[in-house]
Amino acid sequence: MTSRKSIHVSIYGKGGIGKSTTTANISAALAVSGAKVVQIGCDPKSDSTNTLRGNRHLPTVLDSMREGKKVKLEDISVVGFAGVLCVESGGPVPGVGCAGRGINAAVTLLKELKLFEEFKPDFVLYDVLGDVVCGGFAVPIRDGITDRAYVVTSADFMALYAANNLFKAINKYAPTGGAKLGGIIANRLVAGYSLSIIEDFAQKTGVKILGQVPRSISVSRAELYGKTVIEDEPDGEQADVYRLVAQRLAENQDLVIPNPIGTNDLRSWARDWGDRLYAQEIGLVEEMAAI
Amino acid sequence: MAEIKQGYHGRGGCAFHGALWTVSSIRNLTAVVHSNAGCSAQGHLAARGAGIGFPELFQTPTTSSIDRHVVFGGGSRLREQIKNTVKIIDSKLYVVLQGCESAMVGDDVTGITREALEATHPVLCSLVAGLHGGSRFGYAKVLSDLLGSVGELKGLAGFEPDIGQESSVNVFGVVPVTDPHFRGDLFEILRILNGLGLSANIFFGASDGVEELSNAKQAKLSLVFSKWGRQPAEKLLESADQAVLERSCLPVGFEAVKALKDAIAEKLGECSLGAGAQSFLESERVRQERLLEPLDEWLGEIVGAPVALVGDESAITGLAKFLRDRLGAEISLAVITDASDAGDMWDRSEICDQAETYEQAETIEGAFVCAAQESGVKKFEADGGAGNRNDETIDQLAARVHRCGDGAEISEILTKARPLVVLGGAPDEAVAKKLGAGYLNVSFPSSEIVLGRSFVGLHGAVALAEKYASEVFKALDFKEASAALKLVGS
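What you see as residue numbers is a count from 1 along each chain, following the sequence as written. All chains are assigned letters beginning with A, and all ligands numbers beginning with 1, in the order in which they are written. The predicted nature of this model means local features are confined to residues of pLDDT at least 70 and side-chain atom pairs, given and counted, to a pLDDT of 80 or more, with totals for whole chains, interfaces and linings taken over all residues. Based on all heavy atoms of the structure, the side-chain values leave hydrogens and waters out of the count.

### What to know about the sheet that holds strand E6 (residues 148-153) of chain A
Strand pairing in a sheet takes place through backbone hydrogen bonds and is either antiparallel or parallel in direction.
Residues and elements named next belong to chain A.
Here is step 1 of the chain: One bridge is not enough; two strands pair if DSSP finds at least two bridges between them. Under the DSSP-based scheme used, a helix requires at least four consecutive residues in state H or I and a strand at least two consecutive residues in state E, with every element numbered from the N terminus. Spatially, the 8 strands line up as an open sheet ordered E3-E4-E2-E5-E1-E6-E7-E8, and their pairing is mixed. Every interior strand has two partners, whereas the edge strands, strand E3 (77-79) and strand E8 (209-214), have only one. Going across the sheet, the axis of each strand differs from the next one's by a mean of 20°, ignoring polarity.
Here is step 2 of the chain: In terms of strand pairing, strand E1 (residues 7-12) meets E6 through 4 bridges, oriented parallel. Bridged to Val9 within E6 is Arg148.
Here is step 3 of the chain: Contacts between helix H10 (residues 237-251) and the sheet are confined to E1, strand E5 (123-128), E6, strand E7 (180-189) and E8, with E8 contributing the most and set at about 170° to the helix. Here an angle of 0 to 180 degrees is reported between the N-to-C directions of two axes, which are lines fitted to C-alpha atoms, with helices fitted over the stretch in contact. Should any heavy atoms of two residues lie within 4.5 Å, those residues are counted as being in contact.

Quick look at the structure:
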């Protein structure tokens, strides 16, 4: 699974939704299949690549910049599982400075350091902090750095709300050369209705679902060991799920500009789903009420 | 009834520049600027619009913040700059001003300033960034902040309680730089108030402006000459029991000075004025009439001359009144350049939201749509508190009133109006030349060197009459005066 031209992918999603876990497993799956992969964590928490490098210490780009020394590529990167090159942008001390501008500065430095020319990756995955709270966090999709974005979401309303915000950003920047959307990665699917909600959201916004990742104890266990599922339990079902998502991501050329839902419409859409779930819970029999 | 047109842009720099100019105009006060390199230098260059500028602005201590101070915060750099400034620059008081980046990043300027104060350095701060509005707003905000916090310095060297002389009147609303004549105006106002037996804190140009800031709370009255003076006057009311008298304009000529005196007497009581107040007024009246008398012979030639004024509301209202009442001018047009110095950004977004043009406003075309919708959307209060005075407003004085600061728009307005004389700022001079109209520099930016010139009070009125009449005669083509007047006025 190699390609001459690097594919730069940004992965967004609400904080705590499993973005880093999903990204790291996709990176691991791609690398195991023979691709050269770079994963760049664009989150001040700087924990995106933990499971790829066994929780080993990795100085962040911004930490190195703060020290004022001349930063070298080897100071801010480490080769992790299956040869994935791990980089963390890091961020300022919480409550001080501007993390959005920090990500911008970190990505600029990586380009100056000729990371991509040196490493010649097939895939570069940017794992970007939660919501697109300001222009700084839109850098990976805005300035031609990546040409495609994916969003990780569960069926929770706030996760879909964050996804919708990303769609707004893509909708704004794509016409002027920004990234387009590759699709949704449905994560932490538990109840039967979870996928239905996400499918409905995808249909309304005009995007497709790239893959479905059920909630699994394998993920939690692997993380506790400081590993991806691909490394910890390569023959398990969950590893197969991630491999499938990685394969689709690698092959996907169907990129779209999504149609975000207006804030009020999104709320009323959510309320409708609330009503449907309530009806299901109390066993209401009604025409067209099937989920 | 005047036709009122609304516009948006202010003429005269950002709020940070207004704050910097205000601080730099107060003797014994030094600004410490926390911003990227260039903000102070730009302020220095723009201040030349006040006729001569401020040489000392070029030496303003500044953190010259760079990218790392945005990403990681610029607090420690500011701390370093304050420490070095108090060591190197001898000043009675220092005030930290904040640029846009620092405001956006959220550096703890207040906390760092407090650290300096706790280390017994006389340092205050004002959180007014360029993005908060225009320069007049910057004046209002920084002056209010200083008046509100100067009490915190009590006990420090030079700030012993009750030091200095108590003054009767605070003078607010004469804005440094955007009123290019602010020095001359303030000295003339001080001369008038002294003549009426009142002492005054004028803050700018005073021998010790910092002392006047400390004493402002003890004054009996705050005299407010423009809407930009309201905020500082109101700040003092939070902790002081004093009267506020707001005037719609600067007093130009004897009649305006007399009206000012009457208003002060009504606020404070006739007995608050000095024994010599009446004789001072009488001597002002006599001197003005004696000096203007020779012009009366020529007034028949210039009465009805259509005049356009461009400038800040308070200044041009006073000029318009004198030109009309004493020199017979017809105020055909007034362009107010300080209508919208504060909160532009929020007003603009409000308009866009109301019109549901959010998406449109994200494009250049959308911005044009928004701009077109601005006209007539919001009327700024030209004359707050008008109920307590009888002064005429510019809307009553002028046949047509526009509120905008955009150069191209003002040029178009002037060209359409075809006045005989334009009283305005440097950009209006070229338009006047094209029209063959006379031009008199009265507002920001100044096209001439201005040191102590003023169009306020007796001296200002006489200077105005001299210059105005000269420009009218020049423009009239002396040989065919009445024919030309008819042609231009049509």
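### Description of the packing of helix H18 (residues 407-417) of chain B against helix H19 (residues 426-435) of chain B
Residue and element names in this part refer to chain B.
Here is step 1 of the chain: Following both chains from N to C, one finds H18 and H19 inclined at 30°, their axes separated by 10 Å at the closest point. By the angle between their axes, H18 is roughly parallel relative to H19. Crossing angle aside, the handedness with which H18 passes H19 is right-handed. Contact residues: H18 offers Ile410, Ser411, Leu414 and Thr415, while H19 offers Asp428, Val431 and Leu435.
Here is step 2 of the chain: For this scheme, ten residues count as nonpolar: Ala, Val, Leu, Ile, Met, Phe, Trp, Tyr, Cys and Pro. Four count as charged, namely Asp, Glu, Lys and Arg, and the remainder, Gly too, count as polar. Of the residues belonging to the contact of H18 with H19, the class tally is 4 nonpolar, 2 polar and 1 charged. These descriptions rest on fixed angle ranges, namely under 35 degrees for roughly parallel, over 145 for roughly antiparallel, 65 to 115 for roughly perpendicular, and the rest for oblique. For any pair of crossing helices, the crossing counts as left-handed if the nearer helix is rotated counterclockwise from the farther one by less than a right angle, and right-handed if it is rotated clockwise.

### A few points about the interface of chain B and chain A
Here is step 1 of the chain: With 8 residues of chain B at the interface, the matching set in chain A holds 12 residues.
Here is step 2 of the chain: We define buried area as the total accessible area lost by two parts upon association, computed with a 1.4 Å probe and summed across both. Between chain B and chain A, the buried area comes to about 840 Å², and carbon and sulfur atoms account for 56% of it.
Here is step 3 of the chain: On the chain B side of the interface with chain A, the three residues burying the most area are Arg68(B), Val71(B) and Phe72(B), jointly 61% of the side's total.
Here is step 4 of the chain: Throughout this description, a polar contact denotes any pair of N or O atoms lying within 3.5 Å of each other; where both atoms belong to protein, one of them has to be capable of donating a hydrogen while the other can accept it, and for residues adjacent in sequence the pair is counted only when both atoms sit in side chains. Taken together, the links from chain B to chain A amount to 5 residue pairs in polar contact (both at pLDDT 80 or more).
Here is step 5 of the chain: Per-element accounting of the side of chain B that touches chain A gives the leading share, 4 residues, to helix H3 (residues 67-71) of chain B.

### Details of the environment of Gln218(B)
Here is step 1 of the chain: When you line up the elements, Gln218(B) lands in the loop between helix H9 (209-215) and strand E7 (221-224).
Here is step 2 of the chain: A C-alpha to C-alpha distance of 8.1 Å links Gln218(B) and Gln242(B), two positions 24 residues apart in sequence.

### Things to note about the nonpolar core
The nonpolar side chains of a soluble globular protein tend to be buried with one another.
Here is step 1 of the chain: What makes a nonpolar core is a set of buried Ala, Val, Leu, Ile, Met, Phe, Trp, Tyr and Cys residues whose side-chain atoms join them at distances within 4.5 Å. Burial here depends on accessible area, computed with a 1.4 Å probe over protein chains only, as a share of the maximum for the residue type. Under 20% is buried, over 50% is exposed, and the range in between is partly exposed. Residues Leu29(B), Leu97(B), Val171(B), Phe172(B), Leu193(B) and Ile264(B) are the most contacted members of the largest nonpolar core, which totals 76 residues.
Here is step 2 of the chain: Leaving out residues up to four positions away in the same chain, Leu29(B) has contacts with Val23(B), Ser91(B), Leu93(B), Tyr94(B), Val95(B), Leu146(B), Val210(B) and Leu213(B).
Here is step 3 of the chain: The next biggest cluster of nonpolar side chains, apart from the first, holds 58 residues, and it includes Leu113(A), Leu129(A), Ile145(A) and Ile170(A).

### So, helix H11 (residues 254-268) of chain B
Residue and element names in this part refer to chain B.
Here is step 1 of the chain: Expected helix span is computed as 1.5 Å times (number of residues minus one). Look at H11: 21 Å from first C-alpha to last across 15 residues, which is about the 21 Å you get at 1.5 Å a residue.
Here is step 2 of the chain: Those residues of H11 that sit buried are Phe254, Val257, Leu260, Lys261, Ala263, Ile264 and Ala265.
Here is step 3 of the chain: Contacts from the buried residues of H11 go to helix H8 (182-195), E7, strand E8 (243-246), helix H12 (277-302) and helix H20 (457-476).
Here is step 4 of the chain: Phi turns positive one or two residues past the end of H11, at Gly269, with a value near 95°.

### Notes on the packing of helix H4 (residues 75-88) of chain B against helix H6 (residues 109-118) of chain B
Residue and element names in this part refer to chain B.
Here is step 1 of the chain: In contact at an axis separation of 10 Å, H4 and H6 are set at 30° when each is read in the N-to-C sense. As for the relative orientation of H4 and H6, their crossing is right-handed in sense. Contacts between H4 and H6 pair Gly75, Leu78, Arg79 and Ile82 from the former with Val109, Ile112, Glu115 and Ala116 from the latter.
Here is step 2 of the chain: Residue classes in the contact of H4 with H6 are distributed as 5 nonpolar, 1 polar and 2 charged.

### Remarks on the pattern of salt bridges
Residues and elements named next belong to chain B.
Here is step 1 of the chain: For this analysis, a salt bridge means a side-chain nitrogen from Lys or Arg found within 4 Å of a carboxyl oxygen belonging to Asp or Glu. As enumerated under the stated definition, the model contains 36 salt bridges over all chains in all.
Here is step 2 of the chain: Glu238 is paired through a salt bridge with Lys235; the nearest N and O atoms lie 3.3 Å apart.
Here is step 3 of the chain: Residue classification places Lys235 among the partly exposed residues on the basis of a relative accessible area of 26%.
Here is step 4 of the chain: Through salt bridges with shared partners, a single network forms among Glu188, Arg191, Glu284 and Arg287.

### Comments concerning the sheet that holds strand E4 (residues 123-126) of chain B
All names here are of chain B.
Here is step 1 of the chain: Strand order in this open sheet of 3 strands is E2-E3-E4, and the pairing throughout is parallel. Sheet topology places strand E2 (29-34) and E4 at the edges, where each strand pairs with a single neighbour. Mean inter-strand twist for the sheet, computed between neighbouring axes without regard to direction, equals 30°.
Here is step 2 of the chain: Judged from the 6 bridges that link them, E2 and strand E3 (residues 93-98) form a sheet pairing that is parallel. For Thr30, the partnering residue across the bridge sits in E3 and is Tyr94.
Here is step 3 of the chain: Together, E2, E3 and E4 form the strand contacts of H6, whose direction differs from that of E4 by roughly 165°.

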